[in-house]
Amino acid sequence: MRKLDFNKPSVCGIGYIGTEVDPDEYPLIYGRWKAMINMGYNKTYKLYNGYLVNKEWHCFSIFAIWFIKQCELLGIDPKVKNYNYVLNCTAGSIRGHEVHSPANTRLMTKSEQQYATNNDVRFI
């Protein structure tokens, strides 16, 4: 495990590791979480979009627990890189004002995401 203060923000001044899930055990989930934080809060990040992240998901461990459960529901291994699934923040949100949270974010296939984008579908 990394030698960090697990409650000290280490990503964009807001994201912190927490204590329940080791990012070294789930590096792919950590990478997605870090990218999500950067997309919302790091204006110099190449994929910055200004989406916000629910305060509880500022903690990697809480996000990772949610992500692992989503993988289990879909029958995919959270430790294996899977290019077919993406995070999609749409349910109940207004385009341009998305907030990543357990209530309105889904792990979905790229084809589902493309359909949603092309047809302005907001999943519930």
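Look a little higher up for the structure.
Sequence order as written defines residue numbering, which begins from 1 separately in each chain. In keeping with the model being predicted, local features are shown solely for residues with a pLDDT of at least 70 and side-chain atom pairs are shown and tallied solely at 80 or more, while totals for entire chains, interfaces and linings include all residues. Only hydrogens and water are set aside; all other atoms, that is, all heavy atoms of the structure, feed into the side-chain values.

A.B. asks: Lay out the overall build of the protein in plain terms, naming residues and giving numbers.
C.D. replies: Scanning the protein from terminus to terminus reveals three helices and four strands. A run of H or I in DSSP counts as a helix once it spans at least four residues, and a run of E counts as a strand once it spans at least two, with each numbered from the N terminus. The helix and strand sequence of the protein, counted from the amino end, reads α-β-α-β-β-β-α. When a residue's accessible area, from a 1.4 Å probe over protein chains only, is under 20% of the maximum for its type it is buried; when over 50% it is exposed; and in between it is partly exposed. By residue count, 39% of the 124 residues in the protein fall in the buried class. Once local pairs closer than 6 in sequence are excluded, the contacts in the protein between residues at least 24 apart make up 54%. By definition, residues are in contact when any of their heavy atoms lie within 4.5 Å.

A.B. asks: How would you sum up the pairing of strand β2 (residues 85-89)? Please name residues and give values.
C.D. replies: Most of β2 sits inside the fold, with five of its five residues counted as buried. The pairing of β2 with strand β4 (residues 105-109) spans five bridges and is antiparallel. For Leu87, the partnering residue across the bridge sits in β4 and is Leu107. Strand pairing requires that DSSP identify at least two bridges connecting the strands.

A.B. asks: Which residues make up the packing of helix α1 (residues 27-41) against helix α2 (residues 60-74), and what are the values?
C.D. replies: Put simply, α1 and α2 touch, their axes get as near as 10 Å, and they point 120° apart. For the element pair α1 / α2, the angle class is oblique. α1 and α2 meet at a crossing whose hand is right-handed. When α1 is examined against α2, the residues Ile29, Tyr30, Arg32, Trp33 and Met36 are found in contact with a partner set consisting of Phe60, Phe63, Ala64, Phe67 and Ile68. Here the residues of the contact of α1 with α2 are counted per class, giving nine nonpolar, no polar and one charged. Under this scheme, a helix contributes an axis fitted over its contacting stretch, all axes are lines through C-alpha atoms, and angles between N-to-C directions fall in the 0 to 180 degree range. Our angle categories are set so that under 35 degrees counts as roughly parallel, over 145 as roughly antiparallel, 65 to 115 as roughly perpendicular, and the remainder as oblique. Crossing handedness follows the turn of the near helix against the far one: under a right angle anticlockwise gives a left-handed crossing, and clockwise gives a right-handed one. As a working rule, the residues Ala, Val, Leu, Ile, Met, Phe, Trp, Tyr, Cys and Pro are called nonpolar, Asp, Glu, Lys and Arg charged, and the rest polar, with Gly in that last group.

A.B. asks: Got a sec to walk through the nonpolar core? Specific residues and values, please.
C.D. replies: The set of buried Ala, Val, Leu, Ile, Met, Phe, Trp, Tyr and Cys residues whose side-chain atoms join them within 4.5 Å is what this entry labels a nonpolar core. Grouped together as the largest cluster of nonpolar side chains are 23 residues, with contacts concentrated most on Ile29, Trp33, Phe60, Phe63 and Phe67. Among the elements of the structure, α1, α2 and β2 are those that each provide at least two residues to this core. Beyond its immediate stretch of four places on either side in the chain, Ile29 contacts Phe60, Phe63, Ala64, Phe67, Ile68 and Pro78.

A.B. asks: Any details on the side chain of Thr105? Residues and values, ideally.
C.D. replies: With respect to the secondary-structure elements, Thr105 resides in strand β4. For Thr105, the side chain forms a polar contact with the main-chain oxygen of Ser101, separated by 3.0 Å. In protein, a polar contact requires one atom able to donate a hydrogen and another able to accept it; more generally it is a pair of N or O atoms within 3.5 Å, and residues adjacent in sequence count only if both atoms are side-chain atoms. Within polar-contact distance, the side chain of Thr105 engages the side chain of Asn104 at 3.5 Å. Excluding residues within four positions of it along the chain, Thr105 makes contact with Trp57, Trp66, Leu87, Asn88, Cys89, Val99 and His100.

A.B. asks: Talk me through the pattern of salt bridges; I want residue IDs and the actual numbers.
C.D. replies: Any carboxyl oxygen of Asp or Glu that lies within 4 Å of a side-chain nitrogen of Lys or Arg is treated as forming a salt bridge with it. This structure, assessed with the given rule, holds two salt bridges. In this structure, Lys79 and Glu25 form a salt bridge, with 3.3 Å as the shortest nitrogen-oxygen distance. Here the residue Lys79 occupies a position in the loop between α2 and β2, and Glu25 occupies one in the segment before α1, the gap between them amounting to 54 residues. Arg106 is paired through a salt bridge with Glu112; the nearest N and O atoms lie 3.8 Å apart. Taking the relative accessible area as the measure of exposure, Arg106 reaches 26% and is therefore partly exposed.

A.B. asks: Before we move on, could you go through the environment of Lys79 and cite the residues and values that matter?
C.D. replies: Overall, Lys79 belongs to the partly exposed group, its relative accessible area being 43%. Taking the C-alpha atoms as reference points, Lys79 and Ile29, 50 residues apart in sequence, are found 7.8 Å from one another. The contacts of Lys79, once residues within four sequence positions are left out, are Glu25, Tyr26 and Leu28. Side chain to side chain, Lys79 and Glu25 meet in a polar contact 3.3 Å long.

Coordinates in, geometry out; function isn't part of it.
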